[in-house]
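Chain residues, written in single-letter form:
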Amino acid sequence: VEAFVEITTGERHGLIGEATMEPRMVTISGAASRVDDIERVRTRRVTLEGVKEGREMELEIESPYPGVAVYPDRVAYQFEVTELTEGEMRIPIRIRNLPPGQNVTYHPSTVTVRYDVPIEQYNLVQERRPFTAYIDYNTLVEDTTGLVIPQIERVEDTYNVTLRSFQPRTVSYFNVVN
């Protein structure tokens, strides 16, 4: 079953985790020529706007063709929404795939990452580093400008953080010759 649900949250609110649906699979019956090629069915479209709290709701499943029955014809759908706040942290830029004997420095050597986090997780996330910043050495080899864009990667899945932005967008680099 594929849920056809569009959710927009209220200001400073966001979805937490993945929505759940039960059951995930249903039984379809009808003429073999109709049901043989059906790989999934979906629910009727539901649009929710300005949502500020999680919900559990029942979604009706659409029959893919006239004369095809779906059992059960409804699923339970649940999602969580929470109030968010913005966090900020400085992260050192690392280099990946640096060949032995090479040394590279960056200016600046850190980026400031801004992210959204549930209010109740803010203090815990501040003690961790849910993101890492890196530049792949191959990017430097191919570059002709002297400026590269750091890549920001989420490395901590324990918390519900979402990257908003990072500054600076580009950094300069220098190959250090021994």
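Everything numeric here is computed off the predicted structure, so don't read it as measured data. (Residues numbered from 1 in each chain as written. Predicted model: local features only at pLDDT ≥ 70, side-chain atom pairs only at ≥ 80, totals over all residues. Heavy atoms only, no water.)

Caption draft 1: Here's a closer look at unusual backbone geometry. The omega torsion of the bond from Tyr-71 to Pro-72 falls at -10 degrees, within 30 degrees of zero and hence cis. Relative to the helices and strands, Pro-72 is located in the loop between strand S6 (69–71) and strand S7 (74–96). Put simply, His-107 and Pro-108 share a cis peptide bond, and its omega is -5 degrees. Mapping Pro-108 onto the fold places it in the loop between strand S8 (104–107) and strand S9 (110–118). Even without glycine at this site, Asn-97 takes up a positive phi of about 65 degrees. As for its placement among the helices and strands, Asn-97 is situated in the loop between S7 and S8. (Helix = DSSP H or I, 4+ residues; strand = E, 2+ residues; numbered from the N terminus.)

Caption draft 2: Seen up close, the pairing of S7. Examined bridge by bridge, strand S2 (residues 13–22) and S7 share 7 bridges and lie antiparallel to one another. Following the sheet pairing, Ile-16 is matched in S7 by Glu-80. Across 6 bridges, the pairing between strand S5 (residues 55–60) and S7 is antiparallel. Bridge pairing links Glu-60 to Arg-74 in S7. Of the pairings in the sheet, the one linking S7 to S9 comprises 9 bridges and is antiparallel in character. Each residue of the ladder has a partner; that of Ile-91, found in S9, is Val-111. In this sheet, strand S10 (residues 131–136) lies alongside S7 in parallel orientation, the contact comprising 4 bridges. Directly across from Ile-93, in S10, lies its bridge partner Ala-133. (Pairing = 2+ DSSP bridges.)

Caption draft 3: Molecular detail of the side chain of Thr-112. Here Thr-112 lies in strand S9. Beyond its immediate chain neighbours, meaning those up to four positions away, Thr-112 contacts Glu-88, Met-89, Arg-90, Ser-165, Phe-166 and Gln-167. (Contact = heavy atoms within 4.5 Å.)

Caption draft 4: The sheet that holds strand S11 (residues 147–148), seen in detail. The sheet built from 3 strands is open, its strands ordered S8-S14-S11 with antiparallel pairing. The open sheet is flanked by S8 and S11, the only strands paired with a single partner.

Caption draft 5: The pattern of salt bridges, seen in detail. Tallied over the entire structure, the rule returns 12 salt bridges. Where Arg-128 meets Glu-156, a salt bridge forms, and the shortest distance between an N and an O atom there is 3.9 Å. Placement of the pair is Arg-128 in the loop between helix H2 (122–126) and S10 and Glu-156 in the loop between strand S12 (151–154) and strand S13 (162–167), with a sequence separation of 28 residues. A relative accessible area of 16% places Glu-156 in the buried class. (Salt bridge = Lys/Arg side-chain N within 4 Å of Asp/Glu carboxyl O. Buried < 20%, exposed > 50% of the residue type's maximum accessible area, 1.4 Å probe, protein only.)

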